[in-house]
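Overview (structure and organization)
Chain residues, written in single-letter form:
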Amino acid sequence: MIFVAYMMIMIGYSSYALIMIRSQAGPPIDENSPATVEAFVSYLNRDQYGASPLLKGLSYNDRTGTIDRSEEVLFPRRHSSLPHHLEYYGNFNSDLEFFLRYQVNHMYMRYLFWNFIGREADIQDTGWYSGFSETRHSNNPANSGYFYLPLILALFGILYHFRKDWRRAISVFALFLLTGLAIIFYLNQTPYEPRERDYAYVGSFFAFTIFLGLGVTGIIELIKDSIGSRKAVAIGALGIIFFAVPAWMLHQNWPSHDRSERYVARDYAYNLLNSLEENAILFTNGDNDTFPLWYIQEVEGVRTDVRVVNLSLLNTDWYIKQLRDRQTHESLPLAITFTDEEIDSMTSQLDLHRPGEITIPVRKDLLRSIFETSADQLEDTTSTGFQNLIPEDIQMNDMLYNQIRMATPYSLPVDELDDEMTWYVEGRSAGRDSQGNDRFYLQTQDKMVLHLLENNLFLRPIYFANTVSRSGQLGLEDFFQFEGKAFRIVPKKRSVGPFGYVDPEVHAARLSNFKFENWDSPTVYFDENIRRMLGNYRYGFTQLADAYLQEGNREEAAYWLKFGEDKIPFREIEHDWTVAALYAYRYMRVGEEMRANQLAFFIAERLNEDLSYDMLKLDEYEARISVLEDDIRQALSRARTDRAQSLRSDQERIARQREAIIQDISFSVSRLSILQNIFFENEDEATAEMLRLEVERITNGRLELPSTLEDSREQIRMFGLDM
């Protein structure tokens, strides 16, 4: 039996060999390139993600607001030097408080309670919910309350197990701790995680369900001990427990876990790839942007001419080398001239960057020559005609030849391009030096984007997905041309909006080829990430409508607004009502009075609900601040300075929460002002007045909307919407 056990272990671990075997085959997607033993070990150790201090290391200094690099401390929890992390650390008085309040409570206990008490909503950072109280998220598909029943059963199961068999109970409890709190300690998480991390603690939740099952057993035994061994009673008790816990949880969770008929990820990938010219290079933001694209290219064979470049991975040496050396399907290697040593050096350290202008010349003679030459002639490198295509001062090599073969013209003539591309690159904030001067740096991905722009000579199309953060766009917005779901870098500085320059003909052609399978279905569940992405699509339609309005073409503007809403209708649950309000406003501008009024009234109902909850929350925060003020005075009168300091920290934290609520209230009223203007402009003064009175009632007269058309128009001008 021992031999069999060891054989099973060997068979299990041998599965890891697949990683090296696959990597050595050179697949198109070869993350970490673990083809050697050294790279394989680095892959298993997750070295590319860096390491966090555990027992000893540098930590945040409450006095300076920065990482104290003069000495190491025990149990460092606030260790990140990123500016937004430093700002968040200021909410805590110590590393221990950050550990307990954020890492344990927010990033573990909240998830535990999600699974055994209930969840309030699928919105990032929302808490647990029992079902006993009202919530503003009652219509959210992920709103699920279990009335504490699973938790009570599990706690009873812990007592029952320790009483019956404490040795095995300790082993299960150890599994619960080691896959839960121990992981919290090991990960040493930083604030502002990009997504919820509850999946990291599934092992801990599994262990807790063992106690839950034992709790059911304990209750059945307790019933038998009380009323005797009656089979009917035991079955009845089991039936009640089954319907009260697993059946009820199934009922509550099915709407937010049903993925049937949902094709958004596939369609997103299809639409993004078909937003691009042939042979394009596409910079994507991260996992959610990139994995659907890899799937649809490798499995469905869609647009394999496009080279997808994940900006997050562009900070790693192995990924840069693969882009430089490998052809992927029809996509030839990229224009990267760095040697292996230069890449290793670049990715192993971060250097400070001095903000300033960057200039890249535009060789229009080369572009004109290449774009006007047939594909057959470009393939024939032996012909004299091909050699004459290249200006004498440009040296032909394999890298340039690859870019020439991938070259695709712009939507405007070469002669209309600028002679050079010049723009200001500030860099990413690195905090301040000892003299208080702002410091900046460039990540490896930023350096690589600049390197590719320069070496590409504007031959091969380069795009950013329109989900890439502004910090990742390197200040290139003035050269963006909005095409479908992506920004093409065009070497021509133009007057642009928030989504770059829009060529209506090009943008409309991209959107007309998009897929929206089941996006209009009222029964398909869209979680928060998808709802946020739908708003991104709607901006694409509104920008196209604006471009047509600037041309005076209201008919086409109205067509694309209606096309967008028909494909992606607004639902009761949205990520952000701002884009919806602006959508309704544009309906009014293009003369679609009925659609404008219907959508505006629909949005106003939801915004008033949000405003009501926010006002209640504001009153609660103000009452708590007042109570804390009294407690602080009492503590100071009794010379309890430590107590007063702790209370003052709580007061400051609640004050920040109050300011956030005030900002939300201000946003809601601003959106309602836009909707009211729609009613005014459509000569529906009664509804505009009703909306004003409703806001006045909800806010107890503290906030109000305009009372006349003239006042409403003035406010719209203040918002910058008077198009």
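Below: a short report on this structure. Bear in mind the structure is a predicted one, so any value in this text is a computation, not a measurement.

Before going further, it helps to examine the overall build of the protein chain. When its secondary structure is counted, the protein chain shows 28 helices and 14 strands. Since a compact globule built from 723 residues should have a radius of gyration of about 27 Å, the 30 Å found for the protein chain is in line with a globular shape. Reported as C-alpha extents along the three principal axes, the dimensions of the protein chain are approximately 100 × 85 × 65 Å. Counting across all 723 residues of the protein chain, residues that qualify as buried make up 46%. With an accessible surface of roughly 36800 Å², the protein chain has 53% of that area assigned to carbon and sulfur atoms. The positive charge centre, built from 73 side chains, and the negative charge centre, built from 105, are 7 Å apart in the protein chain.

Spatial strand order, β6-β5-β11-β13-β12-β14: six strands in an open sheet with mixed pairing. The open sheet has two edge strands with one neighbour each: β6 (307-310) and β14 (501-502). Here strand β12 (residues 480-483) runs beside strand β13 (residues 486-489); their pairing, made up of four bridges, is antiparallel. Within β13, the position partnered with Gln481 by the bridge is Arg488.

Right, let's get into the side chain of Thr190. Relative to the assigned elements, Thr190 resides in the loop between α8 (181-187) and α9 (202-227). Here Thr190 falls in the buried class, since its relative accessible area comes to 19%. Discounting residues that sit within four places of it in the chain, Thr190 has contacts with His79, Ser80, His85, Tyr89 and Tyr102.

Here we come to the packing of aromatic side chains. A complete count under the given rule lists 50 aromatic pairs for this structure. Their ring planes at 35 degrees and their centres at 6.2 Å tell us that Phe147 and Trp248 sit as a pair that is tilted. With Phe147 in the loop between β4 (144-145) and α6 (149-164) and Trp248 in helix α11 (residues 246-257), this pair connects stretches of sequence that are 101 residues apart. Pairwise contacts between aromatic rings join Phe514, Phe516, Trp519, Tyr537, Phe541, Tyr559, Trp560 and Phe563 into one cluster. The ring centre of Tyr537 lies 4.5 Å from the NZ or CZ of Lys485, which sits over that ring.

Attention now goes to the nonpolar core. Within the largest apolar cluster, 139 residues are counted, with the highest numbers of intra-cluster contacts made by Phe283, Leu314, Ile370, Leu476 and Leu675. Considering each element in turn, this core owes the most residues, 14 residues, to helix α25 (residues 593-637). Ignoring anything within four residues of it in the chain, the contact list for Ile370 reads Leu378, Leu389, Ile390, Ile404, Ala407 and Leu459.

Our next topic: the packing of helix α22 (residues 528-550) against helix α24 (residues 577-589). For the pair α22 and α24, the least separation of the axes is 10 Å and the interaxial angle reads 25 degrees. For the element pair α22 / α24, the angle class is roughly parallel. α22 and α24 meet at a crossing whose hand is left-handed. For the pair α22 and α24, contact is made by Gly535, Arg538, Tyr539, Phe541, Thr542, Gln543, Asp546 and Leu549 and by Thr578, Val579, Tyr583, Arg586 and Arg589, respectively. Its residues assigned to classes, the contact of α22 with α24 comprises five nonpolar, four polar and four charged.

Once that is clear, we can look at the pattern of salt bridges. Applying the stated criterion across every chain yields a total of 47 salt bridges. When the shortest N-O distance is used, the salt bridge between Glu97 and Arg101 registers 2.4 Å. Taken together, the residues span about one helical turn, with Glu97 and Arg101 both in helix α5 (residues 95-116) at a distance of four residues. Residue classification places Arg101 among the partly exposed residues on the basis of a relative accessible area of 30%. The shortest N-O distance in the salt bridge between Glu689 and Arg692 comes to 2.7 Å. Remark: Arg692 and Glu689 occur in helix α27 (residues 685-698); sequence separation between them is three residues, near one turn of the helix. In the salt-bridge network here, residues are joined through shared partners; they are Asp62, Arg78 and Asp95.

Here we take up the pairing of strand β10 (residues 438-441). It is a general feature of regular strands that their side chains alternate between the two faces of the sheet. Note: strand β9 (residues 428-432) against β10, three bridges, orientation antiparallel. Note on β10: the bridge partner recorded for Arg428 is Tyr441. Here β9 folds back onto β10, and the loop between the two strands holds five residues, one of which, Gly436, carries a positive phi near 85 degrees.

Here we come to unusual backbone geometry. Positive phi is not limited to glycine here, since Tyr192 has a value of about 60 degrees. Within the secondary structure, Tyr192 sits in the loop between α8 and α9. Not every positive phi belongs to a glycine, and Asn700 is a case in point at roughly 55 degrees. Here Asn700 shows up in the loop between α27 and α28 (709-719).

At a closest axis distance of 9 Å, the pairing of helix α26 (residues 641-681) and α28 adopts a crossing angle of 130 degrees. As the angle between them shows, α26 and α28 are arranged oblique. α26 and α28 meet at a crossing whose hand is left-handed. Facing Ser670, Ser673, Ile674, Asn677, Phe680 and Glu681 of α26, the residues of α28 in contact are Leu709, Ser712, Arg713, Gln715, Ile716 and Phe719. Of the residues assigned to the contact of α26 with α28, the class counts are five nonpolar, five polar and two charged.

Basis of the calculations
- Residues numbered from 1 in each chain as written.
- Predicted model: local features only at pLDDT ≥ 70, side-chain atom pairs only at ≥ 80, totals over all residues.
- Heavy atoms only, no water.
- Helix = DSSP H or I, 4+ residues; strand = E, 2+ residues; numbered from the N terminus.
- Rg over C-alpha atoms; globule rule 2.2 N^0.38 Å.
- Buried < 20%, exposed > 50% of the residue type's maximum accessible area, 1.4 Å probe, protein only.
- Areas by Shrake-Rupley, 256 points an atom, 1.4 Å probe, with all protein chains shown as cover.
- Lys, Arg positive; Asp, Glu negative; His and termini not counted.
- Charge placed at Lys NZ, Arg CZ, Asp CG, Glu CD.
- Pairing = 2+ DSSP bridges.
- Contact = heavy atoms within 4.5 Å.
- Phe/Tyr/Trp six-rings, centres within 6.5 Å; stacked < 30°, edge-to-face > 60°.
- Lys NZ or Arg CZ within 6 Å of the ring centre and 35° of its normal.
- Core = buried A, V, L, I, M, F, W, Y, C linked by side-chain atoms within 4.5 Å.
- Axes fitted to C-alpha atoms, helices over the stretch in contact; angles between N-to-C directions.
- Parallel < 35°, antiparallel > 145°, perpendicular 65-115°, else oblique.
- Left-handed = near helix turned anticlockwise from the far one by under 90°.
- Nonpolar A, V, L, I, M, F, W, Y, C, P; charged D, E, K, R; others polar.
- Salt bridge = Lys/Arg side-chain N within 4 Å of Asp/Glu carboxyl O.

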